[in-house]
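Architecture and fold: a report
Single-letter residue listing:
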Amino acid sequence: MPEAAPARRSGNRQSAIQLAPMEVPKSSDVLAGELRERILNGEFAEGSALPPEREIVVQTQMSRATVREALRILEVQGLVRIKTGRAGGAFVQRPGKESVAGSVSLLIRGQQIRFSSLLETREAIEPYCAKLAAVNRTDDDLVALEAANAALDEVNGNLAAFLQANVDWHVAVATASRNELLAGFMASLSRAIYTATENERFVDAEVRRLTARAHRSITKAIRAQDPDAAVRRMNRHVHSYAAAVLKIEERTEIAVPGSE
Ligand SMILES: [Zn+2]
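This report concerns the structure included in the present document. Not measured: the values here are computed from a predicted model. (Residues numbered from 1 in each chain as written. Predicted model: local features only at pLDDT ≥ 70, side-chain atom pairs only at ≥ 80, totals over all residues.)

In this section: the overall build of the protein chain. When helices and strands are tallied, the protein chain shows eleven helices and two strands. Starting at the N terminus, the α and β elements of the protein chain follow one another as α-α-α-α-β-β-α-α-α-α-α-α-α. Counted over contacts in the protein chain with a minimum sequence separation of 6, partners at least 24 positions apart contribute 73%. (Helix = DSSP H or I, 4+ residues; strand = E, 2+ residues; numbered from the N terminus. Contact = placed C-beta atoms within 7 Å.)

Put into structure tokens, the structure is as follows:
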């Protein structure tokens, strides 16, 4: 026992240099990050093909599994589209407004955002969308708005048809703002609002009548390129809709189904 003690001490000798556990990034994340940067900064043009998998393996000297995983990450992020078959490969795509919608939907579902937060967000952004729409709308935007108005007139008590026409009109206003962020954001909010208000009690005949009337008067202001009237009427519309819905039911969570 006495002889063994010195050896054990030297084996456990503490150095003055202290190291902490290190986080090493996964090689697939590093490769995906590199490719992502070059896609986002425009170095790889939209629609162009990335080199074939085996070519990326040779160029980067990473394993085939790493390369495959990196491409899968980019695919999930909507930055490449993987096509199979003879003319297949990974094709570059720039993120569109669907990617905003997807992220916001995930946020809403993941954080179980309160319904009132969703409505407050609409009240914050939709009047400004209407204002920009009055300034920037094109003739095609007016066609889309009128189509949604016509659809709303033909609902005949069908809840799903009402909600869809309602959502289509609000998204059309945001699209007419010509601001891609607002348009993408509204598209995702509308999806959540559709689901959260999918309830006959929210949408009675009176709500439908008032909605159709408000949409028509806002459309008129957008057509007339009157930003002040557009912002004022949209403000009143989203606010009164929120008040009506909240009065009918105090909900604490939004349920957005998993299928998009
Ligand atoms: Zn509406």
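Moving on to the packing of helix H8 (residues 159-176) against helix H9 (residues 180-196). In the contact formed by H8 and H9, the axes pass within 8 Å of each other and the chain directions differ by 165°. Accordingly, the angle class assigned to the pair H8 and H9 is roughly antiparallel. Considering how the two elements wind past one another, H8 and H9 form a crossing that is right-handed. Residues Leu163, Val167, His170, Val171, Ala174 and Thr175 of H8 lie in contact with H9, whose contacting residues are Leu182, Ala183, Met186, Ala187, Ser190 and Tyr194. Per-class residue counts for the contact of H8 with H9 are nine nonpolar, three polar and no charged. (Axes fitted to C-alpha atoms, helices over the stretch in contact; angles between N-to-C directions. Parallel < 35°, antiparallel > 145°, perpendicular 65-115°, else oblique. Left-handed = near helix turned anticlockwise from the far one by under 90°. Nonpolar A, V, L, I, M, F, W, Y, C, P; charged D, E, K, R; others polar.)

Helix length check: H9, at 17 residues, gives a terminal C-alpha distance of 24 Å against a target of 24 Å (1.5 Å per residue), a fit within 8%. Within H9, twelve of the 17 residues are buried, which leaves it mostly tucked inside the rest of the structure. Within the span of H9, buried status applies to Leu182, Ala183, Gly184, Phe185, Met186, Ala187, Ser188, Leu189, Ser190, Ala192, Ile193 and Ala196. (Expected span 1.5 Å × (residues − 1). Buried ≥ 20, exposed ≤ 12 C-beta atoms within 10 Å, placed from the backbone.)

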